[in-house]
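Here is what each chain is made of, one letter per residue.
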Amino acid sequence: MLTRILWIARITFLEALRQRFLAFLLVLAAGFTLGSLPLRSIDFGHGELKFLADLGFGALLLFGSVLAVVLPAQLLYAEIDNRTALTLLAKPVGRGEFLLGKFLGTWAVLGVFTGVLTLLVGLILVGREPMVAARALSLQLTPPEVDLWGLCQHALLQWLRLGIVAALALLVGALAQTFLYTVVVGSMAVLAGQLVWIAQDALARPDGSPLGRAGLWVTTRLFPNLQGYNIGEPLVLDPSSVPEGTVLSLVVAAIAYLAVILLLACAAFRRREI
Amino acid sequence: MTDLPAISVTDLTKDFRVGIRGVKLRAVDNVTFSIPRGQVFGLLGPNGCGKSTTLKIVLGLVPATSGSFTLLGSAAATPEARARTGFLPEAPYFHRFLTGRELVRYCARLSGVPAERVESATDDALALADMTEAGARRVGTYSKGMLQRIGLAQAVVHDPELVVLDEPTAGVDPVGSAAIGRMIGAMRARGKTIVLCSHLLGQVEQVCDRVAIMDRGRLVLEGRIDDVLARRDAHQISVEGLTPAARAAAEEALARHGARVTSVEHPRQTLEDLFRRLVTGSRD
């Protein structure tokens, strides 16, 4: 079973690397990240490194999310529309194996995307760090430091977050009939995940009607809190501000979300007519 | 176990819901037939008659609305049964960036061929499909005929007992079609059961042992090819050197026995035979 999943993942990965959309988003995100360098003088009152990190991580968040929604949907529907899925699923390949292979191939591409952008942001931050530190010392301020371990942790969290988004897109794709529907509904699910912290905050307050609170409770259980994974700036520039165990708990939560979402996606795909 | 039919379909029905209102469209209507092992079975019918849907149901790609079927003795298209089945879908499309050899190797791994046997199985399948030389080229550069042949190679790479071919000659020129016909013959010689959907009736007539004809989702005829094509109420006698006098004497003799000559024609060769005789070599 594992062999078949890994073969499907391998072919999916090779196919995804050839997608022009991936190259387009990678160039766009890299351009956005590099564009922060000439704009660093207008840092809106924040420190320069914080400004550079925010723009770089923002590019990873935005373009990575778009890629994580579109790419799995595109790859899944290409297999179905081109009838390659017919050829594969007529073999002793389970539907769940097929979908997991597609997910792993897509996730590997998202790992490449995350790695490239993280490397770029890391190079920019490390490159600017000595100048910013010298300026801070001349002003008798504490010089900022770039924590490379924190950068690696952030890359891992973003990769997991993009994995959750890709799994959500596959879940919608397994249920939907069209690529466009999958992308639209998948994007809305991601948006809901980004905003679910608002519901969590509201639920933490004691006021509100029982019905409203029940709705908030369902919302917080239904959608993963994707905003919780955006802790790149404190992880990289102020690691001491991140409570101990935060990264580990986010990793565990991501693995749990991935397992549940992928199980649901496989169950939905089993019923689909190819 | 081997006495069981390769495929047995009983009262199979499939309805699709189409449009926003979910109007019911019956694609397969109460179809029953059985395909014995070791035979070439032709499933015929016009476009949209339900042939491909029937095959997809049997292969587990589409659920049936009602009825039952067995595939190689299994009551469903289990992974074990599918591991002993090869399938070439209609108008196959494969990953264009893979070479033919990589594609067949990929399908071999998915079909459960052990790692140490993948290369030899790939070589055999490419040889059967006459794609050994073209195996090094990317699939994106293949002609339609080559796509069909590489599709055939991926379908048989794991040496299945049953091979299902859905329109293997669609879009292929007569020379390529004849080559595919020879491959089907080679598989039959190896004892495979073959299910063939095709619009090339001449080829079906040549290679199939049994045929079934579907129309509007229903099975309208099923049986041995010799039985369904033979006209029991008429006979044909071929004669050389027939003079007008001999013909008149023969007609008179037949009339004395209560028989009547309804037509006298020169035997014709088929257009396919003529074409294949005049045009040699593959354009692939």
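Here, the structure is the one placed above.
Residues numbered from 1 in each chain as written. Chains lettered and ligands numbered in written order. Predicted model: local features only at pLDDT ≥ 70, side-chain atom pairs only at ≥ 80, totals over all residues.

A. Geometry of the overall build of chain B. Helix and strand content of chain B: 10 helices and nine strands. If you line up chain B on its principal axes, its C-alpha atoms span 75 × 45 × 45 Å. Counting the 284 residues in chain B, one finds 41% classified as buried. (Helix = DSSP H or I, 4+ residues; strand = E, 2+ residues; numbered from the N terminus. Buried ≥ 20, exposed ≤ 12 C-beta atoms within 10 Å, placed from the backbone.)

B. Region of the structure containing the sheet that holds strand E8 (residues 210-215) of chain B. Residue and element names in this part refer to chain B. The strand order across the open sheet formed by six strands is E5-E6-E7-E3-E8-E9, and the pairing between neighbours is mixed. Edge positions in the open sheet fall to strand E5 (85-88) and strand E9 (218-224), since each of these has one partner strand only. Each strand axis lies, on average, 15 degrees off the axis of its neighbour in the sheet, ignoring direction. Looking at chain direction, E8 and E9 are connected through six bridges and run antiparallel. Within E9, the position partnered with arginine 210 by the bridge is arginine 224. Running at roughly 165 degrees to E5, helix H5 (residues 144-156) makes contact with E5 and strand E6 (162-166) of the sheet. Across the sheet, helix H6 (residues 174-189) lies against strand E3 (40-44), E6 and strand E7 (193-197), angled at about 155 degrees from E7, the strand it touches most. (Pairing = 2+ DSSP bridges. Axes fitted to C-alpha atoms, helices over the stretch in contact; angles between N-to-C directions. Contact = placed C-beta atoms within 7 Å.)

C. Molecular detail of the sheet that holds strand E4 (residues 66-71) of chain B. Residue and element names in this part refer to chain B. The antiparallel open sheet is built from three strands, whose spatial order is E2-E1-E4. The open sheet is flanked by strand E2 (23-35) and E4, the only strands paired with a single partner. Across the sheet, the mean angle from the axis of one strand to that of its neighbour is 30 degrees, orientation sign disregarded. As paired elements, strand E1 (residues 7-18) and E4 share five bridges and run antiparallel to each other.

D. Region of interest: the interface of chain A and chain B. Contact residues are listed per partner, giving 21 residues for chain A and 20 residues for chain B. Where the side of chain A that touches chain B is concerned, the elements lending two or more residues are helix H1 (2-17) and helix H4 (84-89) of chain A. Broken down by element, the side of chain A that touches chain B gets its largest block of residues, six residues, from H1(A). Its residues assigned to classes, the side of chain A that touches chain B shows 10 nonpolar, five polar and six charged. (Nonpolar A, V, L, I, M, F, W, Y, C, P; charged D, E, K, R; others polar.)

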